[in-house]
Amino acid sequence: MTEVKGVQCPEGRSLQAYTPPPPPPLEEIEMHVFMHCEGCARKVKRSLKGFAGVEDVKTDSRMHKVVVKGKKAVEDPMKVVERVQKKTRRKVELLTPLPPMKPEKKEEEKKEDEKPKVEEKKEEPKMITVVLIVHMHCEAYTQQIKK
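All values derive from a computational prediction rather than experimental measurement.

S.K.: Explain the overall build of the protein to me, using residue names and the numbers behind them.
M.R.: For the protein, the count of helices and strands is five helices and six strands. Start at the N end of the protein and walk to the C end: the helices and strands fall as β-β-β-α-β-β-α-α-β-α-α. When each of the 147 residues of the protein is scored for burial, the buried share is 22%. Counted over contacts in the protein with a minimum sequence separation of 6, partners at least 24 positions apart contribute 59%. Carbon and sulfur atoms provide 53% of the accessible area of the protein, an area that totals close to 13200 Å².

S.K.: Which residues make up the side chain of His64, and what are the values?
M.R.: Summarising the element assignment, His64 is placed in the loop between strand E4 (56-60) and strand E5 (65-69). A polar contact is formed between the side chain of His64 and the backbone oxygen of Met35, at a distance of 3.0 Å. Leaving out residues up to four positions away in the same chain, His64 has contacts with Met31, His32, Val33, Phe34 and Met35.

S.K.: Can you explain the pattern of salt bridges? Please cite residues and give values.
M.R.: A full pass over the atoms with the stated rule returns two salt bridges. Of the charged contacts, one joins Glu30 and Lys65 as a salt bridge, the two residues approaching to 3.4 Å between their closest N and O atoms. Taken together, the residues Glu30 in strand E3 (residues 28-33) and Lys65 in strand E5 connect sequence positions 35 residues apart. Given the relative accessible area of 31%, Lys65 is considered partly exposed.

What counts, and at which threshold
Residues numbered from 1 in each chain as written. Predicted model: local features only at pLDDT ≥ 70, side-chain atom pairs only at ≥ 80, totals over all residues. Heavy atoms only, no water. Helix = DSSP H or I, 4+ residues; strand = E, 2+ residues; numbered from the N terminus. Buried < 20%, exposed > 50% of the residue type's maximum accessible area, 1.4 Å probe, protein only. Contact = heavy atoms within 4.5 Å. Areas by Shrake-Rupley, 256 points an atom, 1.4 Å probe, with all protein chains shown as cover. Polar contact = N/O pair within 3.5 Å; in protein donor to acceptor, adjacent residues only side chain to side chain. Salt bridge = Lys/Arg side-chain N within 4 Å of Asp/Glu carboxyl O.

The structure is reproduced here in structure tokens:
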């Protein structure tokens, strides 16, 4: 190995010709889930406990961040997101890796633009009163429902 100004390059190549190997693929998923207490963080962690492909789950209720480790989980992160949404009934945003963008259908947009729009009469919605009986394990739920 040659040494150039304290940097070692394999196979005796110069520093300019040396390119580092690509980083290994990520084996973790990072999500944003609203958690206002440790009980909520435990619920999110428990929802992924028996899920196939999940090796480890770390939650941070202050930063509202969940990190899921596992090779199979990284292959299809949307399944993990759907599982958390289904089990905890919370909005989940996938931070990394970003889901692939779906190609937009331009043909449908053109067809919609060509159709003349008919004015519809809008009726005012009727007021309905609903009484909720909800078990709340912490005060934050009460404040959130009042909003």
